[in-house]
Amino acid sequence: MFSYLDAGTGSMLVSILGGGLAGIGVFWKMMRAKVTGKPMPMSDVDEDDADDSSHN
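Residues numbered from 1 in each chain as written. Predicted model: local features only at pLDDT ≥ 70, side-chain atom pairs only at ≥ 80, totals over all residues. Heavy atoms only, no water.

Another aspect to go through is the overall build of the protein chain. Scanning the protein chain from N- to C-terminus turns up two helices and zero strands. As displayed, the protein chain has an accessible area near 5500 Å², and 65% of this comes from carbon and sulfur atoms. (Helix = DSSP H or I, 4+ residues; strand = E, 2+ residues; numbered from the N terminus. Areas by Shrake-Rupley, 256 points an atom, 1.4 Å probe, with all protein chains shown as cover.)

What follows concerns the packing of aromatic side chains. The full count for this structure, using the stated rule, is one aromatic pair. An angle of 70° between the planes, with centres 5.6 Å apart, marks the rings of F27 and W28 as edge-to-face. We classify W28 as exposed; its relative accessible area is 56%. (Phe/Tyr/Trp six-rings, centres within 6.5 Å; stacked < 30°, edge-to-face > 60°. Buried < 20%, exposed > 50% of the residue type's maximum accessible area, 1.4 Å probe, protein only.)

The first and last C-alpha atoms of helix 1 (residues 7–36) sit 44 Å apart over 30 residues, in line with the 44 Å expected at 1.5 Å per residue. Just beyond helix 1, the residue with positive phi is G37, at close to 85°. (Expected span 1.5 Å × (residues − 1).)

A word on a nonpolar patch on the surface. The grouping of L17, L21, I24, F27 and W28 at the surface amounts to a nonpolar patch, some 580 Å² of accessible area in total. Within the secondary structure, L21 is located in helix 1. (Patch = residues over 30% accessible without salt bridge, like charges linked within 9 Å, V, L, I, M, F, W, Y side chains within 5 Å. Salt bridge = Lys/Arg side-chain N within 4 Å of Asp/Glu carboxyl O.)

Now the structure itself:
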């Protein structure tokens, strides 16, 4: 027997699917970096750059 699914349930299912796909992508990226020995790139902005911009 089918239950009633409202718009909130559909939105929740889409969020779960998107989060799962993002998690799988991060997992594969980390595993590829571990196998190849290349480090994962970090953020383009480091702490020193953020401090320098305030001293114009």
